[in-house]
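Remarks on the overall topology
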Amino acid sequence: MEYNHKEIESRWQKFWKENETYKTREDTSRPKYYVLDMFPYPSGAGLHVGHPLGYIASDIFSRYKRQNGFNVLHPMGYDAYGLPAEQYAIQTGQHPCVTTEQNIARYREQLDKIGFSYDWSREVRTCDPAYYKWTQWAFMQMFNHWYDRAAGKARPISELVAAFAASGTEGIDAACGKDMTFTADEWNAMGEKRQREALMNYRIAYQGQTMVNWCPKLGTVLANDEVSEGISVRGGYPVEQRMMTQWCLRVSAYAQRLLDGLDTLGWTDSLKETQRNWIGRSEGAEMRFPVADSDIELEIFTTRADTVFGVTFMVLAPESKYVAMLTTPDRKLEVDRYLCEVSRKTERERQIDKKVSGVFTGSYAINPLTGKKIPVWVSDYVLAGYGTGAIMAVPAHDSRDYAFARHFDLPIVPLIEGADVSEESFDAKEGIMINSEGPELNLNGMTVKQAIAAAKSFIESKGLGRVKVNYRLRDAIFSRQRYWGEPFPVYYKEGTPYLMDESVLPLCLPEVPSYLPTEQGEPPLGRAAGWHTPAGCPIEKCTMPGFAGSSAYYLRYMDPHNDKALVGREADEYWQDVDLYIGGTEHATGHLIYSRFWNKFLYDLGLVVKDEPFRRLVNQGMIQGRSNFVYRIKDTNTFVSATLKDKYDTTPIHVDVNIVKADRLDLDAFRKWRPEYADAEFILDDGEYVCGYAVEKMSKSMFNVVNPDDIVERYGADTLRLYEMFLGPLEASKPWDTNGIDGVSRFLKKLWNYAEKALAPGAPEKASGPQLKAMHKLIKKVTADIEAFSFNTSVAAFMIALGELQSAGAPSREAIELFVRVLAPFAPHVSEEIWHRLGNDTTVTDAPWPAYDEKYLVENTVKYPVSFNGKVRFTIELPADTPREKVQELALAHESAARWLDGRQPKKVIVVPGRIVNVVI
RNA sequence: GCAGAAAUGGUGGAAUGGUAGACACGAAAGACUUAAAAUCUUUUGGGGCGGAAGCUCCGUGCGGGUUCGAGUCCCGCUUUCUGUACCA
């Protein structure tokens with residue numbers, strides 16, 4: 001019988017589904033193993049061949065672990081809230097729920113065809129009220145907690161309230177927006193509204209003022225990638241920088257723990273490094289500069305406390321509150337003009353435009369070390385969001401300050417011996433200090449390192465400031481002026497936000513007549529009728545961002561139907577954490593930070609047992625598209641083969657890769673592809689039209705999208721799975737190239753034919769010696785490869801092993817049985833079919849992973865060429881099972897070796913089984 | 001600018017410091033076939049020698065180094081990819 005992948009695959013997919021083969025139950029008698037894929041956003045375009053790459057790898061690993069006796073949790077779900085569904089809704093009026101539902105159905109159909117071993121009974125969708133109830137619930141917990149830096153963990157806000165009532169801010173070390181001090185009496189006298197305002201400064205989920213990209217025409221905040229050159233990508237309306245009240249999560253409170261936790265994780269160094277850079281810890285000092293003729297003190301942060309003697313001016317961020325306070329009346333017009341100019345620029349423009357700009361406020365500060373007056377300027381090269389929004393400028397040793405000083409002709413004082421600052425600043429932290437002597441502190445003669453330490457301790461001892469660690473990591477903006485997201489369980493009473501009662505959860509997303517913002521510029525929820533509490537208080541109209549729903553989904557899979565808790569204690573204690581997480585690097589500074597933060601918060605509350613959610617993480621590479629081109633001769637409808645195109649003046653045009661095979665264009669298909677090509681003429685090279693190619697992002701507009709369904713239809717899921725693994729190392733980015741798939745397809749056909757012979761009546765039961773040898777070699781190799789995530793070499797090993805079986809005597813049942821047991825994780829359908837035809841009534845996933853036996857792996861006799869210092873001297877022949885040490889001994893005992901060594905002791909003897917003995921003296 | 005990763009045939013890619021190029025694609029030749037497809041066999045890094053089995057030299061981005069021995073380890077470059085970017 002021919003290998004019929006369609007029949008085999010549909011039969012076993014049906015069988016697995018009907019028998020709930022991959023349904024997982026908590027089972028304390030077996031060790032657990034949790035394998036997780038990053039769940040997809042179900043887009044309207046469906047899956048392309050790049051998406052399943054990681055899923056196939058995780059499926060192989062899951063199946064392998066099952067065969068090794070682990071109770072494997074391998075779930076899948078959908079990150080279902082997202083912009084495309086909402087944009088589509090705005091254009092068509094179609095409820096995002098409907099399109100999302102359709103897209104999910106399509107994804108599921110595509111995933112099912114590939115034969116994954118997911119436990120679909122645990123599926124989660126972030127837009128499902130039974131799921132987002134727990135997203136809202138987590139937000140409420142964050143609202144009701146504050147971060148105690150002294151204890152290094154989150155604590156209930158009620159404890160903070162009690163502390164304030166008893167002794168004010170005295171003795172409280174809390175992560176907060178701005179430093180506040182008040183006494184118990186002051187607190188108690190505040191009244192509810194002001195107390196709530198004060199508490200907002202401490203809550204982990206809080207409302208705060210932040211700078212955002214605001215698009216007045218669209219009536220929404222936009223992310224940086226939704227804005228291009230000051231204009232919204234959708235609609236093309238101007239976008240401005242605006243300070244707005246937003247919900248935020250105090251992720252920054254966890255910066256140090258997020259940093260420290262990285263050391264315990266089995267992630268790649270590059271990913272950990274990316275997160276370290278993102279968190280951006282820098283040690284320095286915060287110090288105050290008094291303003292001349294005023295009570296105001298400017299606070300700055302610096303990592304170069306040693307350079308205070310070189311501070312010749314100060315700069316404020318345009319958004320700094322000190323700008324208004326320090327601008328003198330005569331400078332007001334110019335400062336206002338500058339602020340206006342800056343506010344019109346988007347964040348992006350500010351980054352691209354490196355032109356030096358700024359304006360003098362008219363005020364002076366006093367350098368606390370020299371007592372000299374220095375001017376205070378405003379410039380957009382200083383960021384409001386980092387440090388204190390003000391800097392001390394040291395033009396001699398900071399390139400940005402240098403450019404500014406040069407442009408506005410401000411003094412530059414070098415502080416390091418031998419540093420030539422006539423052309424550029426000297427930024428390196430090395431050298432001997434000069435020009436650094438004041439009335440109370442002398443740094444001259446010290447190295448930069450010593451000077452930093454000395455200056456820091458001086459600043460601290462004199463009360464000019466304090467040693468401080470700053471982090472680049474900022475709090476996450478948590479509100480979106482959007483419809484398609486989780487509503488906040490928050491209402492407003494006289495403008496003050498209050499949490500709703502937990503009993504309202506899930507607070508369901510209401511219907512709206514239109515998905516656009518309202519005329520008054522409110523988010524779409526402003527259109528929802530009855531969007532207020534029974535008492536008539538308005539409910540928050542923003543919704544939560546995409547990362548809200550994806551931050552704790554791995555916990556929900558552990559206990560997806562629990563309506564009493566996000567995850568039950570028992571389930572959490574059994575599954576603990578994700579042993580293996582597979583997904584793309586693009587989430588390094590988003591999801592993977594938020595999720596770790598979210599988990600640490602829940603850990604602080606004692607709700608989960610693990611501090612870190614993802615123990616081991618593997619990043620699969622991106623699969624790019626491989627686009628094909630045809631070359632049209634200018635102003636004609638004639639196309640010339642890529643091999644001859646240089647002789648003509650041509651324009652390259654993308655052509656659908658599905659009508660190109662091995663870079664040869666199917667001419668008839670091309671004429672049918674587009675009406676305008678119906679009468680296309682071709683200039684062929686040797687009867688063929690050769691297309692050009694390029695590696696680009698896989699996208700519809702490039703006509704290079706390859707659909708996994710088409711591959712499954714033509715070659716089968718097992719071939720797709722093997723081929724995706726065979727393409728190269730999992731972590732590497734590579735273009736999809738269907739050209740090589742025939743090799744894998746041939747392998748499965750040959751395997752099938754071999755199995756047919758082995759299963760035929762009269763075929764030997766027992767495997768021959770060489771067959772056993774081939775199989776045990778295979779088992780050893782594949783076991784090591786799976787553990788090391790080297791799936792491409794495993795596929796090669798299968799091919800080699802089959803070749804060896806074919807030249808090792810009559811096909812036997814024992815050989816094919818061993819073969820399918822190790823092939824099962826990679827090609828489950830064909831393995832299952834053969835496994836059952838061998839007479840087994842369990843699934844191949846229940847077949848224990850075979851152990852290899854070294855005794856099959858050795859030859860009977862082996863020739864060992866013995867070489868000294870690289871030159872082969874002689875050969876000895878020994879039984880193949882001679883241990884390594886024995887070979888060394890025998891080689892040395894050999895008469896000529898002994899003569900050659902002449903009684904000297906060898907430093908090192910190297911034995912490569914079957915190959916070389918190399919003796920180093 | 002900074003950080004990380006990588007560079008091996010026509011192509012994708014193999015190689016615990018020990019026979020570089022496994023495996024696969026593609027290509028070439030042959031078998032089967034009326035023919036094609038499919039399948040099977042052989043060859044396939046480059047140069048040189050040989051009628052042939054075979055022999056030989058050169059070869060892992062570039063320049064050095066360590067080592068009996070380097071694709072692999074160390075130092076210095078070049079290029080490419082990825083992330084991040086006025087972070088004081």
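See the structure above.
First things first, this report covers the structure right here in the doc. What you see is a predicted model, and the numbers here were worked out from it, not measured in a lab.

1. Section: the packing of helix 23 (residues 741-759) against helix 25 (residues 791-806)
Axes are the key here: two packed helices are described by the angle between their axes and the distance separating the axes. Here helix 23 crosses helix 25 at 35°, and the two axes come no closer than 11 Å. Our pair here, helix 23 against helix 25, has a crossing hand that is left-handed. On helix 25, the residues that touch Gly743, Val744, Phe747, Lys750, Leu751 and Tyr754 of helix 23 are Phe798, Met799, Leu802, Leu805 and Gln806. Of the residues that constitute the contact of helix 23 with helix 25, the class distribution is eight nonpolar, two polar and one charged.

2. Some words on the sheet that holds strand 16 (residues 465-471)
Strand order in the open sheet made by the three strands is 11-10-16, with antiparallel pairing throughout. Because the sheet does not close on itself, it has two edges, and the strands there are strand 11 (297-302) and strand 16. Here the strands of the sheet are splayed against their neighbours by 30° on average, with no regard to which way each runs. The sheet contact formed by strand 10 (residues 281-290) and strand 16 spans seven bridges and is antiparallel. Following the sheet pairing, Arg281 is matched in strand 16 by Tyr471. Contacting strand 10 and strand 16, helix 15 (residues 448-461) runs over the sheet at an angle of about 120° to strand 16.

3. So, the sheet that holds strand 14 (residues 373-378)
Sheet architecture is open: four strands sit in the order 13-14-12-15, paired in mixed fashion. Each of the sheet's edge strands pairs with one partner strand only, and the pair in question is strand 13 (359-366) and strand 15 (390-393). Taking the axes of each pair of neighbouring strands and ignoring which way they run, one obtains an average angle of 30° across the sheet. Where strand 13 meets strand 14, five bridges bridge the pair, whose relative direction is antiparallel.

4. Here we look at the pattern of salt bridges
A side chain of one charge can pair with a side chain of the opposite charge when the charged atoms of the two come close. Applying the stated rule across the entire model yields 48 salt bridges. With a closest N to O distance of 2.8 Å, Arg257 and Asp604 form a salt bridge. Taken together, the residues Arg257 in helix 9 (residues 255-261) and Asp604 in helix 19 (residues 591-604) connect sequence positions 347 residues apart. Per residue, the accessibility class of Arg257 equals that of Asp604, and both read buried. With a shortest N-O distance of 3.7 Å, Arg257 and Asp611 are connected by a salt bridge.

5. Side note on the packing of helix 1 (residues 5-18) against helix 27 (residues 828-837)
Close contact between helix 1 and helix 27 brings their axes to 9 Å; oriented N to C, the two are set at 85°. With respect to their mutual orientation, helix 1 and helix 27 come out roughly perpendicular. Counting all contacts with helix 1, which are made through Ile8, Glu9, Arg11, Trp12, Gln13 and Trp16, the residues of helix 27 involved are Pro828, His829, Val830, Glu832, Glu833 and His836. Looking at the contact of helix 1 with helix 27 residue by residue, the classes come out as five nonpolar, three polar and four charged.

6. Notes on unusual backbone geometry
The residue after Leu505, namely Pro506, is reached through a cis peptide bond having omega -5°. Its place among the elements puts Pro506 in the loop between strand 19 (496-499) and helix 16 (546-550). Backbone geometry places Asp635, a non-glycine residue, at a positive phi of 60°. Residue placement: Asp635 occurs in the loop between strand 22 (623-633) and strand 23 (638-640). Residue class for Asp635 comes out exposed when judged on its relative accessible area of 82%.

7. Thoughts on the nonpolar core
Counting residues in hydrophobic clusters, the biggest one holds 177 residues, and the most contacted among them are Phe139, Leu249, Phe478, Phe819, Leu823 and Phe826. For this core, the element with the highest residue contribution is helix 23, accounting for ten residues.

8. A word on the packing of aromatic side chains
Taken as a whole, this structure holds 62 aromatic pairs when the rule is applied. Measuring from ring centre to ring centre gives 5.1 Å for Trp12 and Phe15, while their planes differ by 65°; the resulting arrangement is edge-to-face. Highlighted residues: Trp12 and Phe15, both in helix 1, separated by three residues, approximately one helical turn. Since its relative accessible area comes to 6%, Trp12 is described here as buried. Here Phe639 and Phe670 contribute two aromatic rings whose centre-to-centre distance is 5.2 Å and whose plane-to-plane angle is 80°, an arrangement assigned as edge-to-face. Of the two residues, Phe639 sits in strand 23 while Phe670 sits in helix 20 (residues 667-673), which places them 31 residues apart along the sequence. Chaining the aromatic ring pairs together yields one cluster made of Tyr33, Phe61, Tyr64, Phe70, Phe747, Phe789, Phe791, Phe798, Phe819, Phe826 and Trp849. It is Arg472 that lies over the ring of Trp278; its NZ or CZ is 4.7 Å from the centre. Over the ring of Tyr498 we find Lys493, and its NZ or CZ is 4.8 Å from the ring centre.

Rules and cut-offs
Sequence order sets the numbering: in each chain, residues are counted from 1 along the sequence as written. Naming scheme: in the order in which they are written, chains are lettered from A and ligands are numbered from 1. It should be noted that, the model being predicted, local features are given only for residues of pLDDT at least 70 and side-chain atom pairs only at 80 or more, the latter also being counted only at that level, while totals for whole chains, interfaces and linings use all residues. Each side-chain value is derived from all of the structure's non-hydrogen atoms; neither hydrogens nor water enter the calculation. Note on method: axes are straight lines fitted to C-alpha atoms, helices fitted across the in-contact stretch only, with angles between N-to-C directions ranging 0 to 180 degrees. Every helix listed is a DSSP run of H or I at least four residues long, and every strand listed is a run of E at least two residues long, numbered separately from the N terminus. A crossing counts as left-handed when the near helix is turned anticlockwise from the far one by less than a right angle, and as right-handed when that turn is clockwise. The contact criterion used is simple: two residues touch if any of their non-hydrogen atoms lie within 4.5 Å. Only Asp, Glu, Lys and Arg are considered charged in this grouping, and only Ala, Val, Leu, Ile, Met, Phe, Trp, Tyr, Cys and Pro are considered nonpolar; every other residue, Gly among them, is considered polar. The criterion for strand pairing is that DSSP finds at least two bridges linking the strands in question. Salt bridges are defined as contacts in which a side-chain nitrogen from Lys or Arg sits within 4 Å of a carboxyl oxygen from Asp or Glu. Burial status follows relative accessibility: with a 1.4 Å probe on protein chains alone, a residue under 20% of its type maximum counts as buried, one over 50% as exposed, and anything between as partly exposed. Note on terminology: angles under 35 degrees are roughly parallel, angles over 145 are roughly antiparallel, angles of 65 to 115 are roughly perpendicular, and the others are oblique. Buried Ala, Val, Leu, Ile, Met, Phe, Trp, Tyr and Cys residues that are joined via side-chain atoms within 4.5 Å together make up what is termed a nonpolar core. Planes of paired rings set the category: under 30 degrees apart is stacked, over 60 is edge-to-face and the rest tilted, where pairs are Phe, Tyr or Trp rings (Trp by its six-membered ring) whose centres lie within 6.5 Å. The criterion is that NZ of a Lys, or CZ of an Arg, lies within 6 Å of the ring centre and within 35 degrees of the ring normal, and then a charge sits over that ring.

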